[in-house]
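Architecture and fold: a report
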Amino acid sequence: MFTQLNPPLPVHVIDRGAGLAFAVIDYGLEHNLIWVTAIDATGEIWCAPNPKVRLSENWTAGRIVNPARDSGRQVETKEQE
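Not measured: the values here are computed from a predicted model.

Conventions we followed
Residues numbered from 1 in each chain as written. Predicted model: local features only at pLDDT ≥ 70, side-chain atom pairs only at ≥ 80, totals over all residues. Heavy atoms only, no water. Pairing = 2+ DSSP bridges. Helix = DSSP H or I, 4+ residues; strand = E, 2+ residues; numbered from the N terminus. Axes fitted to C-alpha atoms, helices over the stretch in contact; angles between N-to-C directions. Phe/Tyr/Trp six-rings, centres within 6.5 Å; stacked < 30°, edge-to-face > 60°. Lys NZ or Arg CZ within 6 Å of the ring centre and 35° of its normal. Core = buried A, V, L, I, M, F, W, Y, C linked by side-chain atoms within 4.5 Å. Buried < 20%, exposed > 50% of the residue type's maximum accessible area, 1.4 Å probe, protein only. Contact = heavy atoms within 4.5 Å. Salt bridge = Lys/Arg side-chain N within 4 Å of Asp/Glu carboxyl O.

1. Some details on the sheet that holds strand E1 (residues 2-13)
Sheet architecture is open: five strands sit in the order E4-E3-E2-E1-E5, paired in antiparallel fashion. Bordering the open sheet on either side are strand E4 (45-49) and strand E5 (53-55), each of which pairs with just one other strand. For this sheet, the mean inter-axis angle between neighbouring strands, taken without regard to orientation, is 45°. In this sheet, E4 lies alongside strand E3 (residues 34-39) in antiparallel orientation, the contact comprising five bridges. Its bridge partner being in E4, Ile-34 is matched across the sheet by Pro-49.

Next up, the structure:
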């Protein structure tokens, strides 16, 4: 299933950088979601698997800079404890 995102979501693709995800491809239960993302710095369009995609920081929503974002590791927060 191909779903266009309206509005696009600001995301960070690990190893590629910040961009706007404008669509999601869902191949089903046995597969990761694929985020179709336009990378800000290069204008390239990448289809990134779900484990490589992070939402961008949003102070209002309480999403602050995650120091492990670029490494792909998950950092425990107080909410997870």
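2. Points about the packing of aromatic side chains
Two numbers describe a pair of aromatic rings. These are the distance of the centres and the angle of the planes. For the coordinates displayed, the defined rule picks out zero aromatic pairs. Sitting above the plane of the Trp-46 ring, Arg-16 keeps its charged end 3.9 Å from the centroid.

3. Considerations on the nonpolar core
Within the largest apolar cluster, nine residues are counted, these being Leu-5, Val-11, Val-13, Ala-21, Val-24, Trp-35, Ile-39, Ala-48 and Val-53. Counting only elements with at least two residues in this core, the list comes to E1, strand E2 (17-25) and E3. Examining the composition of this core, we find that three residues originate from one element, E1, more than from any other. When neighbours within four sequence positions are excluded, Val-11 is seen to be in contact with Gly-17, Ala-18, Gly-19, Ala-21, Thr-37, Val-53, Arg-54, Leu-55 and Ser-56.

4. Here's the deal with the environment of Ala-18
Relative to the elements of secondary structure, Ala-18 occurs in strand E2. Relative accessible area serves as the criterion here: at 37%, Ala-18 is assigned to the partly exposed category. On a C-alpha basis, the gap between Ala-18 and Val-53 in space is 9.7 Å, while along the polypeptide they are 35 residues apart. Filtering out sequence-adjacent residues up to four positions away, Ala-18 remains in contact with Val-11, His-12, Ala-38, Ile-39 and Asp-40.

5. Observations concerning the environment of Ala-38
Its location among the elements puts Ala-38 in strand E3. On a C-alpha basis, the gap between Ala-38 and Ala-18 in space is 8.6 Å, while along the polypeptide they are 20 residues apart. In this structure Ala-38 touches Ala-18, Gly-19, Leu-20, Phe-22, Glu-44 and Ile-45, once residues within four positions along its chain are discounted.

6. Observations regarding the pattern of salt bridges
Summed over the entire model, instances satisfying the criterion amount to one salt bridge. For the salt bridge of Asp-15 with Lys-52, the shortest nitrogen-to-oxygen distance reads 3.6 Å. With a gap of 37 residues between them, Asp-15 in the loop between E1 and E2 and Lys-52 in the loop between E4 and E5 connect regions that are remote in the sequence. Judged by relative accessible area, which is 59%, Asp-15 ranks as exposed. For Lys-52, a relative accessible area of 34% puts it in the partly exposed group.

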